[in-house]
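The residues making up each chain are set out below.
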Amino acid sequence: MTDTIDTKTLLDWISRYREAVTEKREWLTELDSAIGDADHGANMTRGMNAVVEKLDAGAPATVDELLKTVGMTLVSSVGGASGPLYGTLFLRMGMAAGPVTELDAAALAASLRAGLDGIVARGKAEAGDKTMFDAMAPAVDALDAAIAGGASLADGVRAAADAAAAGRDATLPLVARKGRASYLGERSTGHLDPGAASTAILFETLAAAIAS
C-alpha cells in the first residue's frame, strides 16, 4: 500500500462504486421514493454502468482524462439532478488533478475540494439543506484535517468515509431546502437524503480501493 493513488486504483474505485450502487439500488430508490422522484438508485446504476462500459473500452492514461471521462459520461447518461452534480464532481476533480498518473494525499484532497466547490456552484447547496453536500463537505473537511495532522492517504480517506457516513445520518432529522424534496416541507424530515447516501457510498468505496 503506497501513499499515492494511481489510475489503476482510481479505476478500481469506479468499479467498486458501480458494484455498490447496483447492490444498493433498491435502497437508494426507496430513500428517493420518500422525498424525491424514486429514481436515484436506477439513475446512479445506469450512470455507473455507462461509465464502466466506457472505461472498459479504453481507459485514459492520466488522472485528469480518466476523471473527466467519468464526469462527462455521468452528465450524458444520468437523469435528474444526480447526473449534473456527480458529473460536475468528477469533471472538477479531473481539472484540479491535471495530466498526472498518480495523486498523493494532498493532491487527492485538493481535487475532491475542487469537486465539492463545483457541486456548490451548480447546486447552490449549503450545510443543512438535506442534500449530498451534507455528506460531501464533512468528508472533504475530514480528509483535509487528517492530512494536516500527518495521516497517511489510507487513514485520511478512511476518516473522510466515516465523516461522509455521519453526514448522511445527520440528514435524517433535517427539513429539505433544495430540490424536489423541499416541496414536502416538514414531511421531508425523518428520511435520509438519497444523494447523501450515495455520496457516503462513494467515499466508502474510495477507502476500500485505497486500502486494498
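Just above sits the structure.
Attention now goes to the packing of helix α5 (residues 82-97) against helix α6 (residues 105-123). Here α5 crosses α6 at 140 degrees, and the two axes come no closer than 7 Å. Accordingly, the angle class assigned to the pair α5 and α6 is oblique. As for the relative orientation of α5 and α6, their crossing is right-handed in sense. Per-class residue counts for the contact of α5 with α6 are 13 nonpolar, five polar and three charged.

Turning our eyes to something else, we now look at α6. The terminal C-alpha atoms of α6 lie 27 Å apart, and with 19 residues this matches the ideal 27 Å at 1.5 Å per residue to within 8%. Those residues of α6 lying buried are Ala105, Leu108, Ala109, Ser111, Leu112, Ala114, Gly115, Leu116, Gly118 and Ile119. Looking at the buried positions of α6, the neighbouring elements they touch are β1 (4-6), α5, β2 (102-104), α7 (133-148), α8 (153-169) and α9 (194-211). The N-capping residue of α6, defined by a side-chain oxygen 3.3 Å from the backbone nitrogen of Ala106, is Asp104. Taken from the residues just after α6, Lys124 is the one with a positive phi, measuring 60 degrees.

What follows covers the environment of Ala197. In this structure, Ala197 sits in helix α9. Between the C-alpha atom of Ala197 and that of Leu28, which follows or precedes it by 169 residues, the distance is 7.3 Å. Residue contacts for Ala197: discarding those within four places in its chain leaves Trp27, Leu28, Leu31 and Arg168.

Moving on to the environment of Asp169. Note on placement: Asp169 falls in helix α8. Residue classification places Asp169 among the partly exposed residues on the basis of a relative accessible area of 39%. Note: C-alpha distance between Asp169 and Phe90 (79 residues apart in sequence) is 24 Å. Within polar-contact distance, the side chain of Asp169 engages the side chain of Arg168 at 2.9 Å.

Conventions adopted
Residues numbered from 1 in each chain as written. Predicted model: local features only at pLDDT ≥ 70, side-chain atom pairs only at ≥ 80, totals over all residues. Heavy atoms only, no water. Axes fitted to C-alpha atoms, helices over the stretch in contact; angles between N-to-C directions. Helix = DSSP H or I, 4+ residues; strand = E, 2+ residues; numbered from the N terminus. Parallel < 35°, antiparallel > 145°, perpendicular 65-115°, else oblique. Left-handed = near helix turned anticlockwise from the far one by under 90°. Nonpolar A, V, L, I, M, F, W, Y, C, P; charged D, E, K, R; others polar. Expected span 1.5 Å × (residues − 1). Buried < 20%, exposed > 50% of the residue type's maximum accessible area, 1.4 Å probe, protein only. Contact = heavy atoms within 4.5 Å. Polar contact = N/O pair within 3.5 Å; in protein donor to acceptor, adjacent residues only side chain to side chain.

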